[in-house]
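# Observations on the model geometry
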Amino acid sequence: MTVFFIGAGPGDPELLTKKAERLIGECPVCLYAGSLVPTEVVAGAPDGALVMDTAPMTLDETHAQIKIAHDKGQNVARVHSGDPSLYGAIAEQIRRLRADGIDYEIIPGVPAYAAAAAALGQELTIPEIAQSIVLTRVSMKSTSMPAGETLENFAKTGATMAIHLGVRNLREIERQLVPYYGADCPVAVVYRVGWPDQMLIRGTLSDIREKVRVEKITRTALILVGPALGEVSNFKDSALYDPDMPHVLRPKVR
């Protein structure tokens, strides 16, 4: 049997990949993170499948279910939100699978920052303004961050930042980022992107905290920060389509 770690995307069932949808529809056991994955995503599980919400379960309990399926020769769809490679908590699961000789495969999904950019209707990398994206989080009550991975260190680059698990810590985020980005730097807080109650809140580092407070958002939100999020119009066109920049697929016309 195989355990398939499946990226369910940010919430919209139509953002599932064809492979993810097929595997959910084939596996007789489906373990999904119900706090972040809507039931519509796993609604395609086969008739008679064991479908369990793992939100209230411990790592030991979920692994026990996988071992039971392994003994029965049943494939498992282990469904996570977004893409499993980013804050998917799959590393500790994989460690246990390897220890028990259980095969696994990872199926990528649409990450939240990509879905958020789509919902905002914009690109996160603008020529000569921002060409990098920092995917990070704040610790608060979750696992502590490595010593060098601070918001201030990342802010020194001026890159677009996608900050997870930080919507309840906007005051501290503002304090750390304003010296580098400026108080007027554009910010977008995207709440439950891809869900029916999705909400997009735009502002700046100086006013976003109050806007979020008014909407009473305290969880399940992604914070995007950086000049690329503003109403930028006077940027240079990308060299990708520049007729004066030939490449192997578009030789320069003489």
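Quick caveat: nothing in here was measured; it's all calculated off a predicted structure. (Residues numbered from 1 in each chain as written. Predicted model: local features only at pLDDT ≥ 70, side-chain atom pairs only at ≥ 80, totals over all residues. Heavy atoms only, no water.)

## As for the pairing of strand S7 (residues 160-164)
For S7, a buried count of 5 out of 5 residues is recorded, marking the element as mostly surrounded by other parts of the structure. Bridge count for strand S6 (residues 133-137) against S7 is 5 bridges, and the pairing is parallel. Across the sheet, residue Ile 133 finds its bridge partner in S7, namely Thr 160. (Buried < 20%, exposed > 50% of the residue type's maximum accessible area, 1.4 Å probe, protein only. Helix = DSSP H or I, 4+ residues; strand = E, 2+ residues; numbered from the N terminus. Pairing = 2+ DSSP bridges.)

## Description of the domain arrangement of the protein chain
Considered domain by domain, the protein chain is made up of domain 1 (3-107) and domain 2 (112-229). Here the C-alpha centre of domain 2 lies 28 Å away from the C-alpha centre of domain 1. Taken together, the 9 residues of domain 1 in the interface contact 11 residues of domain 2. Regarding the contact of domain 1 and domain 2, the summed buried area is about 800 Å², with carbon and sulfur atoms giving 68% of it. Taken together, the connections running from domain 1 to domain 2 amount to 0 salt bridges. Applying the counting rule to domain 1 against domain 2 returns 4 residue pairs in polar contact (both at pLDDT 80 or more). (Domains from an automatic or database assignment. Contact = heavy atoms within 4.5 Å. Buried area = accessible area lost by both parts, 1.4 Å probe. Salt bridge = Lys/Arg side-chain N within 4 Å of Asp/Glu carboxyl O. Polar contact = N/O pair within 3.5 Å; in protein donor to acceptor, adjacent residues only side chain to side chain.)

## Here's the deal with the sheet that holds strand S1 (residues 2-7)
On the basis of which strands lie adjacent, the open sheet formed by 5 strands has the order S3-S2-S4-S1-S5 and parallel pairing. Two strands bound the open sheet, and with one partner strand each, they are strand S3 (50-53) and strand S5 (103-107). Across the sheet, the axes of successive neighbouring strands diverge by a mean angle of 15 degrees, strand direction being ignored. In this structure, S1 lies alongside strand S4 (residues 76-80), joined through 5 bridges in parallel fashion. Across the sheet, Ile 6 pairs through a bridge with Val 79, a residue of S4. Packing against the sheet, helix H2 (residues 59-72) makes contact with S1, strand S2 (29-32), S3 and S4, and its axis sits at approximately 165 degrees to S2. (Axes fitted to C-alpha atoms, helices over the stretch in contact; angles between N-to-C directions.)

## Quick look at unusual backbone geometry
Unlike most non-glycine residues, Ala 89 shows phi in positive territory, near 55 degrees. Secondary-structure assignment places Ala 89 in the loop between S4 and helix H3 (91-99). Ala 89 sits in the partly exposed class, given a relative accessible area of 42%. We note that Leu 165 has phi near 55 degrees; this positive angle belongs to a residue other than glycine. By secondary structure assignment, the location of Leu 165 is in the loop between S7 and helix H6 (170-181). A residue is classified by how much of its surface remains accessible, and Leu 165, at 53% relative accessible area, is exposed.

## Details of the state of the cysteines
In total, this model carries 0 disulfides according to the counting rule given. Of the cysteine sulfurs around Cys 30, a residue in no disulfide, the closest is that of Cys 27, at 7.8 Å. (Disulfide = S-S within 2.5 Å.)

## Points about helix H1 (residues 18-26)
Looking at H1, one finds that the buried residues are Ala 20, Leu 23 and Ile 24. In a view along the axis of H1, the buried residues occupy a sector of 100 degrees, so they form one face of it. Across from the buried face of H1, at angles greater than 90 degrees, the exposed residues are Lys 18 and Glu 21. On its buried side, H1 packs onto S1, S4 and S5. (Arc of directions from axis to C-beta.)

## Here we look at the packing of aromatic side chains
Summed over the entire model, instances satisfying the criterion amount to 1 aromatic pair. Relative to Tyr 104, the ring of Phe 5 has its centre 6.2 Å away and its plane inclined at 70 degrees; by these criteria the two rings are edge-to-face. Placement of the pair is Phe 5 in strand S1 and Tyr 104 in strand S5, with a sequence separation of 99 residues. Judged by relative accessible area, Phe 5 falls into the buried class, the value being 0%. (Phe/Tyr/Trp six-rings, centres within 6.5 Å; stacked < 30°, edge-to-face > 60°.)

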